[in-house]
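Structure at a glance
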Amino acid sequence: MTTPRRASTKRSGPPREIPPWRPLTAFFVLLAVVWGLVFFTGGGSPTPKLGIDLQGGTRVTLTARTPDGQPPSRDQLNQAKQIIEQRVNGLGVSGSEVVVNGNNLVITVPGDDGKQARSLGQTARLFVRPVEKVQPATPQPKTDEQKQQEDKQSGDTSAAAIAEQRKLRQAPAGANLDALTAQMTKMDCSPGANDPLLGNDLPDQNLVACSQDGKEVYLLGPEIIDGRDIKNATAGTTQQAGSWIVQVEFKGAAQKFWPTYTAQNTGKQTAFTLDTKVVSAPQIQGAITTPSTEISGNFSQQESKDLANVLKYGSLPLSFEASDAETVSATLGLASLQAGLIAGLVGLIAVLLYALFYYRMLGILTMLSLVLSGLMVYGIIILLGRWIGFTLDLSGIAGLIIGIGMTADSFVVYFERIKDEMREGRSFRSAVPRGWASARRTIWSGNAVSFIAAVVIYVLAIGEVRGFAFTLGLTTILDVVVVFLVTHPLVVLASRSEFLSRPKVNGLGAVSEVARQRRLSARTAKVEASEGTAK
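Our subject in this report is the structure included herewith. This is a predicted model, so every value here is computed, not measured.

**Observations regarding the state of the cysteines**
What the rule picks out here adds up to 1 disulfide. With its sulfur 1.9 Å from that of its partner, Cys 189 forms a disulfide with Cys 210. Here the S-S torsion is close to -75°, and the disulfide linking Cys 189 with Cys 210 is therefore left-handed. You can see Cys 189 sitting in the loop between helix 7 (178-184) and strand 6 (205-210) and its partner Cys 210 sitting in strand 6, a full 21 residues away along the chain. Assessed through its relative accessible area of 7%, Cys 189 is described here as buried.

**Here's the deal with the packing of helix 12 (residues 394-423) against helix 13 (residues 428-460)**
Helix-helix packing is described using two parameters, namely the angle between the two axes and the distance between the axes. Running from N to C, helix 12 and helix 13 cross one another at 145°; their axes reach a closest spacing of 7 Å. Once helix 12 is placed against helix 13, the crossing between them reads as right-handed. Of the residues in helix 13, those in contact with Met 406, Ser 410, Val 413, Tyr 414, Arg 417, Ile 418, Glu 421 and Met 422 of helix 12 are Phe 428, Ala 431, Val 432, Arg 434, Gly 435, Trp 436, Ser 438, Ala 439, Thr 442, Ile 443, Asn 447 and Ser 450. Grouping the amino acids of the contact of helix 12 with helix 13 by side-chain chemistry returns 11 nonpolar, 6 polar and 3 charged.

**Remarks on the side chain of Ser 495**
Mapped onto the elements of the fold, Ser 495 is located in helix 14 (residues 464-495). Within the structure, Ser 495 has its side chain in polar contact with the backbone oxygen of Val 492 (distance 2.6 Å). Leaving out residues up to four positions away in the same chain, Ser 495 has contacts with Phe 428, Arg 429, Val 432 and Ser 501.

**Some words on helix 12**
Compared with the 44 Å implied by 1.5 Å per residue over 30 residues, the 44 Å span of helix 12 between its first and last C-alpha is a close match. Of the residues one or two after helix 12, Gly 425 is the one with positive phi, at around 105°.

Cut-offs and rules
Residues numbered from 1 in each chain as written. Predicted model: local features only at pLDDT ≥ 70, side-chain atom pairs only at ≥ 80, totals over all residues. Heavy atoms only, no water. Disulfide = S-S within 2.5 Å. Helix = DSSP H or I, 4+ residues; strand = E, 2+ residues; numbered from the N terminus. Buried < 20%, exposed > 50% of the residue type's maximum accessible area, 1.4 Å probe, protein only. Axes fitted to C-alpha atoms, helices over the stretch in contact; angles between N-to-C directions. Left-handed = near helix turned anticlockwise from the far one by under 90°. Contact = heavy atoms within 4.5 Å. Nonpolar A, V, L, I, M, F, W, Y, C, P; charged D, E, K, R; others polar. Polar contact = N/O pair within 3.5 Å; in protein donor to acceptor, adjacent residues only side chain to side chain. Expected span 1.5 Å × (residues − 1).

Structure, rendered in structure tokens:
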């Protein structure tokens, strides 16, 4: 007679581990790609862009101009400041500053190029006007007396000067255009010529205006589309010649009007004017029914991006005259940068010494993970400086230091979970996968909270605080990457090493002794239970 076999039951263990060399290989490939882009693109300089407080910058003062000569209202200045800040944000985290100073706006950008600051302060009053006449610009010879008089009048943007230019170069709709036609030959379109009418023309009247390159003079009809009807603007290139253009998408009534107008005016020229200058005056080839329309001109890549940026966020409620760019010295300087880096380095060394004293071999893995994390963060910051204009300031450095500290905290969570498993009587090798299964949920949750906080700060804050939030969010993401792709695989490899698994080496001697005592107690209790059953 045979007895039936009992169904064998096995305790389910942790899911099968991915070979540790795979995530390690993936991380080192990513690291190689990042530093390959650092050294082989954008000039190959391994230095990040620094903010105003660390390297200084360029300041441009924008003096408000009103058609009636009255001081601008506080609401107008605040609205202009808000739009310029939106333009700054559209360029990326650049560390620029926009400050209201009396009746002026002061824009400060990192570096020594004031061109970007001037483009941010562009009024950007865009109108679409039909072209009535066009002719080459006539050079205006000047006597010494005229030159001296122009030098005295240079920068004259008073209400009287604006009114005089409107009288000479504008006429109501339907009026006789002979006087404006005669004025076309008298227009001074040379570079640097003083034009009080810039950004102050009346859109509902005819207008005599120069092209941006100063080579042509246009007689334009009243506006048919206002720049405020632009829904979006992006920089791009043409498919044929590859030249840079700006693609604008209209909204509201302009979106419906534009296809009808282009269908009825095929073969005629239509001008896009920006601050009383003709940017482009293409000939209509047929009805334009696509969502976007191209504004072409002799744009460089940066000029097309700057123009798209200012059009996207709307025109300023005031026109401004930009002063000459002036250099601003660093508010904190390299000494403060060095002090911040030394403070971070001292803190990092203290963490590493504590980790080595408390975790021993695991502390070495902590050090290696932090070094690799630092290399990845530094390389990405260099690339972001090239791609989106990100500048590293002192608040950003604070975000980096806090983020690296949070990375070390994730290591502590993982190692303590391993010790908890070993206290239950498991060996180092069997405790690693079980400790990881528990620790990764805590790591995910902790970093998710930190990342959400960084996003909220970035959205709600302005100025340097956004730089802090940006670097904090960046290091939070890289914390997860490093823990999953570097730290855990290294611990798995260490648990499989006979030498590194020794309690005296890995720093888990006390925990191993607790595990040994528990296993001994369990065996003793089992033996005593067996003897009691036999009696």
